[in-house]
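# Coordinates in review
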Amino acid sequence: MDNNNRRGFFSLPGVRSLLAALICILIGLMLGYIVLLIINPENAGKGMDVMLKNFLARNKTFTQIKHLGNTLVKTAPLILCSLSILFAYKAGMFNIGAAGQYVAGAGACLFFAYKFSAPWYVCILVAIAAGSLWGAISGALKAYLNVNEVISGIMLNWISLYLVNMLMKPFCKGAEKDTIAFVRGQSHSLIPNLGLDKLFSNNTSVTIAIPLTIIIAVVIWILLSKTKFGYEIKATGFNKNAAKYAGMHEKSNIIITMVIAGALAGIAASFFFLSGFSTWNTNQTSVPAMGFNGIAAAFLGGLHPIGVIFSSLFIQHISDGGTSLTGMYPAQISDLISAIIIYLCGFVLFMKLQMSKISAANERRRRARLEALAAAETENKPDDASEETKGGEAK
Amino acid sequence: MMLLIQYTLVYACLLTVVALGGCYSERSGIINIGLEGIMVMGGLGGILVLAFIPATLPPIIIFFAATLAAMTCGMAYSMLLGVASINFKADQTLAGTALNMLGLALATVIIKALNIARTAGADNSARIIFKDTRPLLSLAKGTEFNMFMILTVVLLVAAYIVLYKTRFGLRLMSCGEHPQAAASVGISVAKMRYCGVLISGALGGIGGLMYLYSCGSEANFETGVAGFGFLALAVMIFGQWKPHRIAISALLFGFFRALAAVGQAFDLLAALEIPKPIYNMLPYIICLIVLAFTSKNSKAPKAEGIPYDKSTR
């Protein structure tokens, strides 16, 4: 009985994903530590400590909680971006365009907020529309014109970046590069706090966006695992031709998938920029990293909607910790570590294969031992005893 | 006008070299999305040589030293893609994306750490200045024509000959079309694919050096290579994975990119008062449109992106 339980536990796919993710993180952190050692051996231990502790490195509980709030504000969009990538990946597409859909969403919601002072829910809807449109372009190009979604996504990333930079220029004060900051209380384009700010030491950036994100993750999980649409999406991802043969509309499924993926990235942007945490820098020359970090979080989270909540939190945690490294080390150390982790995620499939090989070998050994035991017992005690062991094995 | 032609050639050359790199890799069956990261890492090696080599050496030696450094760094870095996608059958797009992010982060960290160590903390930027050696590689004073353009022509001709006229090239391409068939006649698919990835690493590295060289006498690694690796992929697709067509499409893309860089110098275009971001977007928009019209009959290598599995023979 005990034996059976243990085998069941390790052959669970969730446990294997978790184990693989932990191995990736561990190796990633170790390599990061080695890089720290090479750059500046004296402070390596301290640097690692600062990065891993992030908000816990602050000395007062009050500020700790406040900085935890900051991390959470940035984690919410990261979760949504990784959901976007995960969702497309289930349909067999690599949504590297999530970064561009995020930018499009950001541009749309900020434009409505500045130009029309639209209420926050309108801004979010506009962001969703813009993100979906961006996703739909990639999807339609893929479905009807056979354009690889990775290439079209990358092109759209750059197009959206320059477009939004241009669009946001009029909303900067004078010659400044950043758009004007929203003031809470004066602008109703900001997502309401509903008292959540009180929980995080009056951190006004903490809004209902955070609980909403968790709800969206659960909805995506249910959509993928419990509905017909989710099944069709996964079937299309496994084998496009088989799905088509089974009567599924693989073309419209591709487009709808990309629309949803784009919408998720759009929501991500609106949740981030309408929290009042940050403004748009119109001089930026590279696409915001949020969409790309989403790739890391999606794969680290074992491509599971609930898993990505935790992986996003981890990645945001170390990258926030990385920014407090300035002075000792370049802040990009945390980017480096998350990049290493993404790279290692490529080996997850291989790790899982090895794990199942090991557990299969264990299983074979266990069975052989049991059989030998049973054989020995039949020799000693015939009749009822042997039947008992056989019965036990069958269970 | 002269300026536009010069910049068109500068960009076309670097796009050609990188796209040829992508071509070798994809012809062997490995999708190389990581070209952008490979360019950054190769460029890093080349620029460091340009920045620290004594400027008194003959220009040709400086040129070869920098190119060799860029090639070596690019090849070493592309091994990461090779190991992941050939030995461990990893998702090639994922590995490539990781390479892009890793390349940018690693190069920034290395240069920043170097600058901090060199100036005892005074300079923590990701910039490297190479103003002493830059003019030496120029072919004619005051113009943008440089030695890399000659190298590009050599590499282009070599690519055509290697791919279509040598045993190695034909074997390489067979691994991208039908690796099982290639393996059945005794070709080592893994070895061929490693060759493809390593050549693309070398060419990507040279391309990265060419890009950073074209930016002026200061390289800022925080912005990387500004999406040229991805643009090169588009050039490669538009060129239908054929060296001669890649050169032609590189000229087209190079022209639009040059327009973004120097377009405002023309009276006619300046009079239209088109905002600069539009010019910046132009190469990517053109690329999307072009891809939309050409991808239907794509001549992509049939087995690209699929890890080779002996048991499926």
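Treat the numbers as computed from the prediction; the structure is a model and nothing was measured.

Conventions used here
- Residues numbered from 1 in each chain as written.
- Chains lettered and ligands numbered in written order.
- Predicted model: local features only at pLDDT ≥ 70, side-chain atom pairs only at ≥ 80, totals over all residues.
- Heavy atoms only, no water.
- Phe/Tyr/Trp six-rings, centres within 6.5 Å; stacked < 30°, edge-to-face > 60°.
- Buried < 20%, exposed > 50% of the residue type's maximum accessible area, 1.4 Å probe, protein only.
- Helix = DSSP H or I, 4+ residues; strand = E, 2+ residues; numbered from the N terminus.
- Lys NZ or Arg CZ within 6 Å of the ring centre and 35° of its normal.
- Expected span 1.5 Å × (residues − 1).
- Bend = angle between axes of the 7 residues up to and from the residue.
- Axes fitted to C-alpha atoms, helices over the stretch in contact; angles between N-to-C directions.
- Parallel < 35°, antiparallel > 145°, perpendicular 65-115°, else oblique.
- Contact = heavy atoms within 4.5 Å.
- Nonpolar A, V, L, I, M, F, W, Y, C, P; charged D, E, K, R; others polar.
- Left-handed = near helix turned anticlockwise from the far one by under 90°.
- Domains from an automatic or database assignment.
- pLDDT = per-residue confidence, 0-100.
- Buried area = accessible area lost by both parts, 1.4 Å probe.
- Salt bridge = Lys/Arg side-chain N within 4 Å of Asp/Glu carboxyl O.
- Polar contact = N/O pair within 3.5 Å; in protein donor to acceptor, adjacent residues only side chain to side chain.

### A word on the packing of aromatic side chains
This structure, assessed with the given rule, holds 28 aromatic pairs over all chains. Taken together, a centroid distance of 5.2 Å and an interplanar angle of 75 degrees make the contact between A:F272 and A:F273 edge-to-face. As far as burial versus exposure is concerned, A:F272 and A:F273 are alike and both buried. Look at B:F63 and B:F148: their rings are 5.2 Å apart centre to centre, the planes differ by 55 degrees, and that puts the pair in the tilted class. Here B:F148 lies in helix 5 (residues 147-165) and B:F63 lies in helix 3 (residues 59-87), a separation of 85 residues in the sequence. This pair shows no difference in class: B:F63 is buried, exactly as B:F148 is. By way of ring pairs, the aromatic residues A:F111, A:F112, A:Y114, A:F116, A:F171 and A:F182 are connected into one cluster. Positioned above the aromatic ring of B:Y213 is the side chain of B:R134, whose terminal nitrogen or guanidinium carbon lies 4.6 Å from the ring centre. Directly above the ring of B:Y11 sits B:R257, whose terminal nitrogen or CZ lies 5.8 Å from the centroid.

### Concerning helix 3 of chain B
Residue and element names in this part refer to chain B. Relative to the 42 Å expected for 29 residues at 1.5 Å per residue, helix 3 spans 41 Å between its end C-alpha atoms, a close match to the ideal helical length. Along helix 3, the helix axis deviates most sharply at L81, where the bend reaches about 25 degrees. Immediately downstream of helix 3, the backbone of K89 shows phi near 55 degrees, a positive value.

### Some remarks on the packing of helix 4 (residues 61-90) of chain A against helix 12 (residues 250-273) of chain A
Residue and element names in this part refer to chain A. In the contact formed by helix 4 and helix 12, the axes pass within 8 Å of each other and the chain directions differ by 175 degrees. Judged on the interaxial angle alone, helix 12 and helix 4 are roughly antiparallel. Between helix 4 and helix 12, the residues in contact are V73, K74, P77, L80, C81, L83, S84, F87 and A88 and T257, M258, I260, A261, L264, A265, I267, A268, F271 and F272, respectively. Grouping the amino acids of the contact of helix 4 with helix 12 by side-chain chemistry returns 16 nonpolar, 2 polar and 1 charged.

### A word on the packing of helix 4 of chain A against helix 9 (residues 209-226) of chain A
Residues and elements named next belong to chain A. Between helix 4 and helix 9, the shortest axis-to-axis distance is 9 Å and the interhelical angle comes to 15 degrees. As far as their axial angle goes, helix 9 and helix 4 are roughly parallel. Regarding helix 4 and helix 9, the two cross each other, and that crossing is left-handed. Only A209, I210, T213, I216, A217, I220, L223 and L224 of helix 9 make contact with helix 4, whose side of the interface consists of L72, V73, A76, I79, L80, L83, L86, F87 and K90. Classifying every residue of the contact of helix 4 with helix 9 by side-chain character gives 15 nonpolar, 1 polar and 1 charged.

### A short note on the domain arrangement of chain A
When its domains are assigned, chain A resolves into domain 1 (71-325) and domain 2 (354-394). Using C-alpha coordinates to define each centre, domain 1 of chain A is positioned 53 Å away from domain 2 of chain A.

### Here we look at the confidence of the model for chain A
Residues and elements named next belong to chain A. Summary statistics for chain A give a mean pLDDT of 86 and a share of 93% for residues scoring 70 or more. Between the elements of chain A, mean pLDDT differs from a low of 47, seen in helix 17 (residues 384-394), to a high of 95, seen in helix 6 (residues 120-145). In the predicted structure, residues 385-395 sits below a pLDDT of 50 and forms 8 contacts with residues beyond four places in sequence or in another chain.

### Focus: the interface of chain B and chain A
Interface size, as often reported, equals the accessible area lost upon joining of the parts. Taken together, the contact pairs 45 residues of chain B with 40 residues of chain A. Across the interface of chain B and chain A, roughly 3,800 Å² is buried in total on both sides, 82% from carbon and sulfur atoms. Here chain B is connected to chain A by 0 salt bridges. Applying the counting rule to chain B against chain A returns 4 residue pairs in polar contact (both at pLDDT 80 or more). Of all the elements in the fold, those that place two or more residues in the side of chain B that touches chain A are helix 3, helix 4 (92-119), helix 9 (228-238) and helix 12 (276-294) of chain B. For the side of chain B that touches chain A, the leading source of residues is helix 4 of chain B, giving 13 residues.

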